[in-house]
Amino acid sequence: MVDNSELPGFYKLPMSERVAELRRIAGLTEEEAKTIAQTGGLPGDVADRMIENVVGGITLPLGIATNFRINGKDYLVPMALEEPSVVAGASKAAKIAREKGGFTVTNTGPVMIGQIQIINLPAPDKAKAGLMAKKAEILKKANDQDPMLVSLGGGAKDLNVKVLSSLKGPMVIAELIVNTGDAMGANAVNTMAEAVSPMVEEITGGEALLKIISNLADRRLVRATAVFEKEAVGGEGVVDGVVNAYAFADADPYRCATHNKGIMNGVVAVGLACGQDIRALEAGAHSYASRTGMYKPLTTWEKDKDGNLVGRLEMPMAVGLVGGAARTHPTARASIKVLGVKTAIELAEVMGAVGLAQNFAALRALASEGIQRGHMKLHSRNVAVSAGATGELIDLVAQRMVDERKVRFDRAKELVQELSKGKNDA
Ligand code: MEV
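Note that the structure is a prediction, hence the values are computed from the model and not measured.

To continue, consider the site of the ligand. Close contacts around the ligand come from 11 residues, with Glu83, Arg255, Lys261, Asn265 and Leu366 the closest. One of the side-chain N or O atoms of Arg255 is found 2.7 Å from an oxygen atom in the ligand. Separating an oxygen atom of the ligand from a side-chain N or O atom of Lys261 is a distance of 2.6 Å. About the coverage of the ligand: the protein hides 87% of its 300 Å² of free accessible area. Those elements that provide at least two residues to the shell around the ligand are helix 11 (253–273) and helix 15 (344–366). For the shell around the ligand, the element with the most residues is helix 11, which contributes six residues. Taken together, the residues that form the shell around the ligand break down as four nonpolar, four polar and three charged.

Annotation of the protein chain at the domain level lists domain 1 (1–59), domain 2 (62–108 + 224–368), domain 3 (111–214) and domain 4 (373–425). The centre of domain 2, based on its C-alpha atoms, is set 33 Å off from the matching centre of domain 4.

Empty space among the atoms becomes visible once a probe the size of a water molecule is rolled across them. All chains considered together, the criterion is met by one cavity of 30 Å³ or more. What the largest cavity holds in volume is close to 60 Å³. What lines the largest cavity is simply Asn107, Thr108, Gly109, Pro110, Arg220, Leu221, Val222, Met317, Val319, Ala344, Ile345 and Ala348. With three residues, helix 15 is the largest single contributor of residues to the lining of the largest cavity.

Moving on to the layout of surface pockets. Estimated volume of the largest pocket: approximately 1,300 Å³. Lining of the largest pocket is provided by 42 residues; of these, Met50, Gly275, Gln276, Ala325 and His329 occupy positions nearest its centre. Classifying every residue of the lining of the largest pocket gives 21 nonpolar, 19 polar and two charged.

Now for the packing of helix 5 (residues 124–133) against helix 6 (residues 135–144). As a packed pair, helix 5 and helix 6 sit with axes 5 Å apart at the nearest point and diverge in direction by 65°. It follows that helix 5 is roughly perpendicular to helix 6 by the angle criterion. Residue-level contacts link Leu131, Met132 and Ala133 of helix 5 to Lys135, Glu137 and Ile138 of helix 6. Classifying every residue of the contact of helix 5 with helix 6 by side-chain character gives four nonpolar, no polar and two charged.

To continue, consider the sheet that holds strand 3 (residues 104–107). In space, the four strands of this open sheet follow the order 3-8-10-9, with antiparallel pairing throughout. Of all strands in the sheet, those bounded by a partner on one side alone are strand 3 and strand 9 (299–303). Averaged over all pairs of adjacent strands, the angle between strand axes in this sheet comes to 15°, irrespective of strand direction. Sheet contacts for helix 11: strand 9 and strand 10 (309–316); angle to strand 10, the most-contacted strand, approximately 75°. The sheet contacts of helix 15 involve strand 3, strand 8 (221–228), strand 9 and strand 10, and relative to strand 8 the element is tilted by about 45°.

About the criteria used
- Residues numbered from 1 in each chain as written.
- Predicted model: local features only at pLDDT ≥ 70, side-chain atom pairs only at ≥ 80, totals over all residues.
- Heavy atoms only, no water.
- Near = heavy atom within 4 Å.
- Polar contact = N/O pair within 3.5 Å; in protein donor to acceptor, adjacent residues only side chain to side chain.
- Areas by Shrake-Rupley, 256 points an atom, 1.4 Å probe, with all protein chains shown as cover.
- Helix = DSSP H or I, 4+ residues; strand = E, 2+ residues; numbered from the N terminus.
- Nonpolar A, V, L, I, M, F, W, Y, C, P; charged D, E, K, R; others polar.
- Domains from an automatic or database assignment.
- 1 Å grid on protein atoms, 1.4 Å probe; cavity = no way out; pocket = protein on both sides within 12 Å on 5 of 7 lines; lining within 4 Å.
- Points joined across faces, edges and corners; volume = space filled by probe spheres on them.
- Axes fitted to C-alpha atoms, helices over the stretch in contact; angles between N-to-C directions.
- Parallel < 35°, antiparallel > 145°, perpendicular 65-115°, else oblique.
- Contact = heavy atoms within 4.5 Å.
- Pairing = 2+ DSSP bridges.

See the structure below:
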């Protein structure tokens, strides 16, 4: 809490002065202010142009998931996140999937939907018919906004018009169906939606209110599949366990939210590393999961005739390589180079494979030893160090805590004493 959160003119200050002002108001130490002001791999001036009121940056670990073979090609996958076990889980899953050829991923093309809401219409069905009759003109007006996209084969391809009955009575929604090529497409689609609005008003006699992209990108899907060999999974019991875990998610939204969260651990981590709009990815994923009116898993799991585990993922994947942070953030650019993807579609396919891999890793762990063991292994070393363990004692203390399933600071302290005494006595 601060005395007064009104900071007139704050946005006009150079970044260094904003930091100084913040330090004063929030009572930061010099060290804390310095930490906040660091922008890591993102130059300060670039950060300052990306959003408003910039004072610094926050850095996340960037890990590389290994072993991925997708559509016959190998990839090293950059992942940015704060959670342990995710990169290791993805790498392990990809290693098992490789035995049976890796991941096969297809996509439905980079197609987004731009919505124009038309209100105050006395005869909505007549307005709909009027819009459909002028479809060619509307699409032309939309495409005039982005000749570059059109020259590359993209652009507004179709018009869909629907009449909604809403809280405020009937309204008409005109939807531009736009192939956004290698862009995520929000800018292109929003520009087109705004540009056609006066024409839409003239045709319908109504008022065009909202003009905005839909994040329910159900025309921009990826479908990933992989076979996981039963012995590598951990045997028949674990294969059955994963299928049962999936059945649980399918039957219960409380479990399903966590099931899909595990998928997004992978999708969002790659998205973040590659400068994507991860809020759009989350919105797309969860709205797609609810499209039937019930919240469902984005993956399915079954046993094939040989007893191997077969996983399938289907979800929207609105990502781009041109525009946005994918272009302006140097770390994102370097991550995309590591990944070696050449098109937005290829990036989307890799992310679909990682989502499936991540879901497999989580379900396999949950259906066998549980996830805490893996989590705790990493965590235990941090606890050991914070309790004063050094050198070889770190691993000794960490291992004992994991074996005892007591990864706690107080236990670490006791073990540091006990084990260092033992060492000194010897
Ligand atoms: C933790 O970040 C993700 C999991 O909870 C996913 C799941 O439960 O399937 C392990």
